[in-house]
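Notes for the structure review
Read off the chains here:
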Amino acid sequence: MTSEQQKLLRRVQACAFTVHEAVLYLDSHPTCTEGLAFYRTHKEKYESVLAEYQKKYGPLTACASEGTRKWEWVTEPFPWELCANEGGND
Amino acid sequence: MEKTDKTLLGALLSDDDVMPEAAACPMPRSVFPADMPLAMAYVPFQTWQKTYDSDAALSRGTLFPCLDLPFIGEEAARNDK
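Let me begin by describing the structure that accompanies this report. Remember, predicted model here, so these are calculated numbers, not experimental data. (Residues numbered from 1 in each chain as written. Chains lettered and ligands numbered in written order. Predicted model: local features only at pLDDT ≥ 70, side-chain atom pairs only at ≥ 80, totals over all residues. Heavy atoms only, no water.)

1. Topic: the packing of aromatic side chains
As a reminder, the rule being used: Between rings of Phe, Tyr and Trp, where Trp is taken as its six-membered ring, a pair exists when centres lie within 6.5 Å; planes separated by under 30 degrees are stacked, by over 60 edge-to-face, and by other angles tilted. The buried label goes to any residue with under 20% of its type's maximum accessible area, the exposed label to any with over 50%, and the partly exposed label to all in between, with areas taken from a 1.4 Å probe on protein chains only.
Evaluation of the coordinates by the stated rule reveals 9 aromatic pairs over all chains. Here A:Phe78 and A:Trp80 contribute two aromatic rings whose centre-to-centre distance is 4.8 Å and whose plane-to-plane angle is 5 degrees, an arrangement assigned as stacked. Judged by its relative accessible area of 21%, A:Phe78 falls in the partly exposed class. When its relative accessible area of 57% is taken as the criterion, A:Trp80 is described as exposed. A centroid spacing of 5.4 Å and a plane angle of 85 degrees characterise the contact between B:Trp48 and B:Phe64, whose relative ring orientation is edge-to-face.

What follows is the structure, given as structure tokens:
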């Protein structure tokens, strides 16, 4: 996995974790305005960095496959196949 | 020679703890409101605060500094501090 891809994946993971923590907080504080605002902004950030990653390196989950010409999920290396991702995709 | 206290509590209590002439009970209950129910567990409710940034949160395992409570093998906050 190229360091570029690793860096982007790290950003996806960090954003995902942040959103998940906000979700857990909002479960017990459903009307907290600051928490809600935080959640909205960080969900947006997460969705954009996730889209960026998947556009470049393929789907992270099966349901993220576009499936236009082929089922990318199985025709490209899986996210956890680190060595297979050397040299990027076709 | 004063009778030595054999029990654990007896050994723990030093002379200046023993205050026969003290009017009130030496155990203060100041932190909580007076009508706080006894013998009930109580967990303060978390309120929103400035969060860690995403990278720090991921490595610390929490978004909230107030919940960043690593077990360091001893009392986190020493009594006497």
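There is more to say, and it comes next.
2. Observations concerning the pattern of salt bridges
Formally: Here, a salt bridge means any Lys or Arg side-chain nitrogen found within 4 Å of an Asp or Glu carboxyl oxygen. To qualify as a helix, a DSSP run of H or I must reach at least 4 residues; to qualify as a strand, a run of E must reach at least 2; elements of each kind are numbered from the N terminus.
If you walk through the whole model with that rule in mind, you get 5 salt bridges over all chains. A:Glu52 is the partner of A:Arg11 in a salt bridge, and the nearest nitrogen-oxygen pair spans 3.9 Å. Linking A:Arg11 in helix H1 (residues 3–28) with A:Glu52 in helix H2 (residues 33–57), this pair joins segments that are 41 residues apart in sequence. We classify A:Glu52 as partly exposed; its relative accessible area is 28%. With its nearest N and O atoms 2.7 Å apart, the salt bridge here joins B:Arg60 to B:Asp68. Among the residues examined, B:Arg60 registers a relative accessible area of 43% and is labelled partly exposed. Bridged by salt links that share partners, the residues A:Arg11, A:Glu52 and A:Lys56 form one connected network.

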